Every structure is written in C-alpha cells, then in structure tokens.
Protein chains: 2
Amino acid sequence: MTKTSAIKGNAVIGQSGGPTAVINQSLVGVIESIGRFSAVGRLLGARHGVRGIKEEDFIPLQRLGKKKLEALAVTPAAALGSSRDKPDEVYCQEILNVFRKNNIRYFFYIGGNDSADTARIVSEMAGAIDYELRVLHIPKTIDNDLRVTDHCPGYGSAARFVASAFMGDDRDVTSLPGIKINVVMGRNAGWLTAAASLGRRDKTDGPHLVYVPEVTFSPKQFIDDVDRVYQKLGYCQIAVSEGVVDENNKPVAVVLAEKFGRQVERDSHGNVQLSGSGVLGDFLAEYVKDQLGKKRCGKLRVRADTFGYLQRSFAGYASPVDQHEARMVGRKAVEYLMSGAKNGSVAITRAKGKPYRAGYKLAALKDVARLIKTMPRSFINNDGNHITVAYRNYALPLVGPLPTIGKLF
Amino acid sequence: MTKTSAIKGNAVIGQSGGPTAVINQSLVGVIESIGRFSAVGRLLGARHGVRGIKEEDFIPLQRLGKKKLEALAVTPAAALGSSRDKPDEVYCQEILNVFRKNNIRYFFYIGGNDSADTARIVSEMAGAIDYELRVLHIPKTIDNDLRVTDHCPGYGSAARFVASAFMGDDRDVTSLPGIKINVVMGRNAGWLTAAASLGRRDKTDGPHLVYVPEVTFSPKQFIDDVDRVYQKLGYCQIAVSEGVVDENNKPVAVVLAEKFGRQVERDSHGNVQLSGSGVLGDFLAEYVKDQLGKKRCGKLRVRADTFGYLQRSFAGYASPVDQHEARMVGRKAVEYLMSGAKNGSVAITRAKGKPYRAGYKLAALKDVARLIKTMPRSFINNDGNHITVAYRNYALPLVGPLPTIGKLF
C-alpha cells in the first residue's frame, strides 16, 4: 500500500495502562505530525483508553496551539486519561462498531503489552470483516519490559528518578548510618530496580545490594548479605523490587506477612497489591530488625521507603533523552502509516558502538502483544544481589544527566 | 568586642539532626569565608556532630579546591555525617574539654532547635569557666519549625520536592481515577505538608484536602471530606502530615492501628515511628476502603504513598533560592563572628512587599533553642482541611521554579 492509496477517514488515539512521565510526549508527537497525513480527517482523543472508544467519549485534538502542546508534552501521566480495561472479543466488537459508525480508519494506542494485544485483536477483527483499519501501537512503560524495542519510552525518566533518589538517599544513610531498604516498582522484571545503581561510582556508594524478580529471593541469603555489608561499611543501602518472589514463586511480601502474622491485600486476579502500599518495605525492615537487631542489642537503625507512584509521575525531572524518544515514537507512528503500514508496534533500535544513537522501526503486533522481556542474566551479578557493568552501559545513555555528588570521606 | 580583639584559635564545625538537601551549602559557606577571618587557625569538621567532637574525630576542611566545594554544596545530606545525640551536661563538659585541648575558640553548629540548645549550653558552660568561646548556630530543617527566622534553610528544597510530587501525582490520579493519600513528613508542624498545595492552580487540581498537625484530625470528618470531593470530581488527592493527632492528642496511626487490630512500632521516647514506614498511609487507605468501599460495591481505587526520606534527600532537585540562602547563612555566621558576635543563631528575614528579598540577622540562642514554630492559624482554612492563599504567598518564593503542567480537560 502506498501513501496515495491511503483510505480517507478519521483517526483515534488513546492512552492505556500505568502512566509514565513522557506518555504525553508520544501523544503530542502524533498530534503535531497528523496534519501532514492528508488521508486523516479528524483526530479524536479517546478519554480513558478503550473505554472512551466504547462510550464514544472523544475530544478533538487538532487546532491545539504549539504552546499548549508543549505544556502537555512535559506533563506526566495520561492527559487523555488511562484505563485498566483488558477488552475481550465482545468489547473489541463494540470498539469496531464505534469505529465504523465514526468512519475511524486509523487507531493509535499508546500502552504496554496488553495494549499491543488489544491493538492486535482489533486489527484482526477488522480484517476479518474487511473493514479497512490501520492500527499502530506506540510503546510506553516504566517497567521497560516490552519485547523487540531496545527500551521503552517512559523507562529513562523513571530510571532517572530512581537513580537520583538512591544517590541522595545514599548520602542520607551515611549521615545517620543504618540499614535502608528502598522498594522500587516492577512486578515481573527488575529493569527499574536495576536503575538504582546508575549513580554508583565505587563500592562504598549505595546501593550495596540489589534484588530483582529475575532471581529467586532467599530471605536467609538477604540477611547474610545485609549483615556482611553492614559489618564492613557500618551502613547498607538496599534496592528491592516490589516483585521479588521466593523459591516457590511466592511473593516475598506474602512470605513475610505470614511470618509476622499479618494479612496483605490482594486484587481481583489474586495478585498481592504491592504499589500504593508500604507493606513489602515495612515487612523487610521488620525482618532485618528481627534477625540482626538482637545481635546488636537493638542498636540498629533500619528504615524502609517505598518509592511508589512518584517513580512514574514526578513532575519536572524527566530524562531529556526519554522525552525526545517518546515524542519520536509518536511521530514515527504517523510516518509509518503514511508510508503504507497496516499495523504494527513502533520500536526503538540502538546503533552499535558509542556515542549512543537511537533509531526506529516497525515491529509486528504479535511480537509485542502480551509478552514480557525480563533482564538478561548478564545484567545481574553471579550472586544475584547486584547489577553488572553491562547493564550500566545499556541504561546510562537513557537517563540523561545525573546529579553531581561530592564527598568529604 | 571588635574584630581586632578576636582571640586566636581553631574552629570546629558540625552538622546535626535530620539532613536536608542544602545542609552542605551552609558548610561550604563557612569553609569559603573562614579564610578571611585571620583569628582562625584551623577549621576542623567534626564527624557526626557532637559525637565527633567528643571523640576528636576531626577532618581538616581548609585547602579544599573550589570544584570540590561546589560539588559538596549541591550534594544532599550531611557531608560530615550527622548525629541524633542530645548532649546532657556531662557530654557538654567533654566537648568543652576537647575544645580546650585543641584550642578551639569558634564552634559552628548546623542544625535545628536541639542543636541550638546544645550550642547554648556549651556557650554558657564556657562562659562559666571563663573559657573564651564563640558559638554560632546555623539553622537547617525541612520541618521549617525554628523560631525567629522567617523560614529555615532546607525547607524550600523539601517543599519544592513535595509540590512537584503532588503536581505529577495529581495527573496520575486523574489518569486512573481514585482516592490517593500521600503522607508527608513533619511530626509537629504542617509546613511541609502545606507545600503539597503550591502547584495548585484551580479547585480541580489536587491536593483537594490537606491535613496538618496544627488541627485535630477527626477520622469521621476525614471520611466525609473525602466522600464529598470524590462524589463531586470522581477522584480525590489528599495530603496528610505524618504527625496528625486526634482530639486526645493520640497519633492517628495508633488510632487506626487499634481499629484494625494491628501493632505499630515505637521509639525509645514512646513516639510512634512514622518516617521510614508506610504505616499511616496504609492504615488510612484501609480506613477509606472500609468506610467508603461498601457504598460503592468495592469499586473504589484507594492508594497511599509515603514520600519518606526522598523529601529531604532527593538529589538534583533542590530549590535554587534555598541553595543560595543556605550558603548565605554559612557565610553570615563567619561575618557575625568577625564583627565580634559572641554567640547566636543566624536567622533569615524577609523584606516587606514584592519581589521577595531575604536579609539576615543574628538571633539569641535562647530564642531558638528547643522551641518550635507551628503554622499560624491564618495559613490553614476554617474547615481545617486545606491551606490558604496567605500560606502560598509566604512559601512560593522559597521553592524556586515549579514544573509546567498542561491539561486537555
């Protein structure tokens, strides 16, 4: 299909899943490029993702001034509203009905692997009834766990926040020495937790220990690790992913809750609610006090912070690299459609060698939908309690400038 | 006493209490100015505050290069190490012995009201034995609760972090609508919690409710407030100070723990451990679900974040105004000594009118020591659940630039 044969019609764009600090960059990337694509009549924003489509809750997105667009682009979270709906076939049929009714021929969906799957299903259903529809998935997730793409828009900014938080907190922990546990987002993959180490310059700098879901978490090993670091340095800063599980694949939050006779909340899928709660950090701190406190006559300062939603939503501290790339994936989505693409997921590529240079390509929806990408074993040290130089080389170019740290000793 | 009569001797500087993002600016302010004060021989840094003095754990602070000093200045937390020691008379006597032994005649102590009290005691004890000693207290605290000074170095940066966090989180809460509780530091005063409102532009912006320790917290009123906002807007963002107490002056964390049959940790003074734990936020979220969830058939998204130590330690996001003023109070401390001051606490003044202009003066140690300054009632609305314009006018000049926020609806 060539540009000239593009069918005339309207376009809809939606945002889905957990927001990021740059998800609106991608939205603006589409808005500012769509005017060049003459086949598209109106560009409609669906409020709250697929639900907004189903309910025809649209707002017009053309005629927004440059200043308004730039303010929108630097604003965290989904300006259109997001959704956790995971449409089944009936739901997708309703979406398709709305598309036909409004002559929508172009569908941009900014989201993670679930959104890619929705895009795939809608695209296939349209094909089955010969309704000409072009569907472009635009990636976003702070979890960085999408396949094909080298990394995900949204990750660099969350990683910058986490790295900077650990850098400052490390100085705080050495000021009033003790054991500090910081719980980082990421249920299935350790990408964001790994970013805790990006500001580290030598072995005295925290984090001294990093635990990711890719490695089975052993509470006993954890205590031995903490004890060893604390004995050596007199303080210990620890990064723990909210998603760590034990050898039975049981969330550590649950294991420790049972140990201390407590209950934890579960969602409708039976998953322990980890984000928006301090439960894992508090249990881990309690466990460390319980195991190591007696040994030191109770003179052990143990604290836990759960970084929570600030990791994806903190305003004014996004990675400039991430902002640029998130804008680019939006622009590229329009370009791919203009060059005749029927559907796909925009992916970021990385040129070999230094300095860091990103490129873009179109991946098949089926290669991105539903699947997740965990960290390769080479990014995790042999003991499973820290991150390697290979990871640093991968992630450092994505976060932009990190703070300056000076020390007296 | 005039400059020419200043006694020759060495100087010591220490940092105390909970660190801030700019406490090292004050340290650098003293280091870079001390060379102009010919009476001072060596400038020694005491590691971990008064404990470092008692144990003669000193590091020399002169001959540090400009580049190293500037890196130090922008680094959060206490570069010399901090201390929670609250010296009694015996402890102060030991300090004085160390001063005499090392011919220390100048003592700079960067800290809060406890540090001002230590400075006062040491100064009085030196006077009682006719040991000529000059003692300067340099203010710092993210709690902003020191007397005399218009505001405290450290507050503007913590307030900037909190304001920006609420701005981004507000967008996150409207993306995936629900009830969001954010717990902010401040055991006795609501200054930092009030900063949650600094990025607010209209009544739809969060935080929609702000609870500070200056006003008795009524769990029933809280639920009514949240219900009203949620019914009106479909979402609700709430700022709660970690230090809120009920009508019996009982910490709300304890009240709710008892309601849910849980235990909370207490420190050696019997205070509930609030920082470094998600307990208050988790209990409040549970309480909201318990009270409002049934009414809405359980379809209520309630989340809590506890901002924790990031508020005082986050690297790379300090307020430029705060950085400057924190540097200035260090420089002024040296100036006051050079002009013959015997002791005192450096205070910031504010010129009447706009634009904002800070000045500096020397306050008496006794007027700062031990005492705390809560928010005036005029900074809190009549209902005790939000902040007034008077507070905004007071605090906005202190935080520096806030992020840009754009909206579609």
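Above this note sits the structure.
Residues numbered from 1 in each chain as written. Chains lettered and ligands numbered in written order. Predicted model: local features only at pLDDT ≥ 70, side-chain atom pairs only at ≥ 80, totals over all residues. Heavy atoms only, no water.

Draft legend 1. Summary view of the overall build of chain A. From N to C terminus, chain A includes 13 helices and eleven strands. Its C-alpha radius of gyration of 23 Å places chain A within 12% of the 22 Å reference for a compact globule of 409 residues. Each of the three principal axes of chain A carries a C-alpha extent, and together these read 75 × 45 × 35 Å. The buried share of chain A, taken over its 409 residues, is 65%. Long-range contacts, defined here as pairs at least 24 residues apart, represent 78% of the contacts in chain A between residues at least 6 apart. Taken as a whole, chain A presents about 15,200 Å² of accessible surface, with 48% of it coming from carbon and sulfur. (Helix = DSSP H or I, 4+ residues; strand = E, 2+ residues; numbered from the N terminus. Rg over C-alpha atoms; globule rule 2.2 N^0.38 Å. Buried < 20%, exposed > 50% of the residue type's maximum accessible area, 1.4 Å probe, protein only. Contact = heavy atoms within 4.5 Å. Areas by Shrake-Rupley, 256 points an atom, 1.4 Å probe, with all protein chains shown as cover.)

Draft legend 2. The arrangement of the environment of A:Asp227 in detail. Residue and element names in this part refer to chain A. The topology assignment puts Asp227 in helix α8 (residues 219–233). The class of Asp227 is buried, set by a relative accessible area of 10%. Counting along the chain gives 21 residues from Asp227 to Asn248, while the straight-line C-alpha distance between them is 25 Å.

Draft legend 3. Local environment of the interface of chain B and chain A. Taken residue by residue, the interface counts 70 residues in chain B and 70 residues in chain A. Regarding the contact of chain B and chain A, the summed buried area is about 5,100 Å², with carbon and sulfur atoms giving 61% of it. In this structure, the connection of chain B to chain A is made through two salt bridges. In this structure, B:Arg312 and A:Asp172 form a salt bridge, with 2.8 Å as the shortest nitrogen-oxygen distance. At the boundary of chain B with chain A, the tally comes to 18 residue pairs in polar contact (both at pLDDT 80 or more). (Buried area = accessible area lost by both parts, 1.4 Å probe. Salt bridge = Lys/Arg side-chain N within 4 Å of Asp/Glu carboxyl O. Polar contact = N/O pair within 3.5 Å; in protein donor to acceptor, adjacent residues only side chain to side chain.)

Draft legend 4. Quick peek at the sheet that holds strand β9 (residues 302–306) of chain B. Residue and element names in this part refer to chain B. Spatially, the four strands line up as an open sheet ordered β7-β8-β6-β9, and their pairing is parallel. Of all the strands in the sheet, just β7 (209–211) and β9 have a single pairing partner and so form its edges. On average, each strand axis in the sheet is inclined to that of its neighbour by 15 degrees, with strand direction left out of account. Two strands pair when backbone bridges link them, and strand β6 (residues 179–184) and strand β8 (residues 236–241) are joined in this way by six bridges, in the parallel orientation. Residue Val184 lies in a different strand from β8, and its bridge partner there is Ser241. Across the sheet, helix α8 (residues 219–233) is in contact with β6, β7 and β8; its angle to β7 comes to roughly 160 degrees. (Pairing = 2+ DSSP bridges. Axes fitted to C-alpha atoms, helices over the stretch in contact; angles between N-to-C directions.)

Draft legend 5. Structural view of the side chain of B:Asn144. Residues and elements named next belong to chain B. Considering the arrangement of structural elements, one finds Asn144 in the loop between β5 (134–139) and α6 (155–175). When its relative accessible area of 0% is taken as the criterion, Asn144 is described as buried. Polar side-chain contacts of Asn144 include one of 3.0 Å to the side chain of Tyr394. Not counting residues within four places of it along the chain, the set of residues in contact with Asn144 comprises His151, Cys152, Tyr155, Trp191, Lys373 and Tyr394.

Draft legend 6. Structural view of the packing of helix α1 (residues 23–34) of chain B against helix α3 (residues 66–73) of chain B. Residues and elements named next belong to chain B. Close contact between α1 and α3 brings their axes to 8 Å; oriented N to C, the two are set at 150 degrees. When the axes of α1 and α3 are compared, the pair comes out roughly antiparallel. Across the interface between the two elements, Asn24, Gln25, Leu27, Val28 and Ile31 of α1 pack against Leu69, Leu72 and Ala73 of α3. Across the contact of α1 with α3, the residue classes tally to six nonpolar, two polar and no charged. (Parallel < 35°, antiparallel > 145°, perpendicular 65-115°, else oblique. Nonpolar A, V, L, I, M, F, W, Y, C, P; charged D, E, K, R; others polar.)

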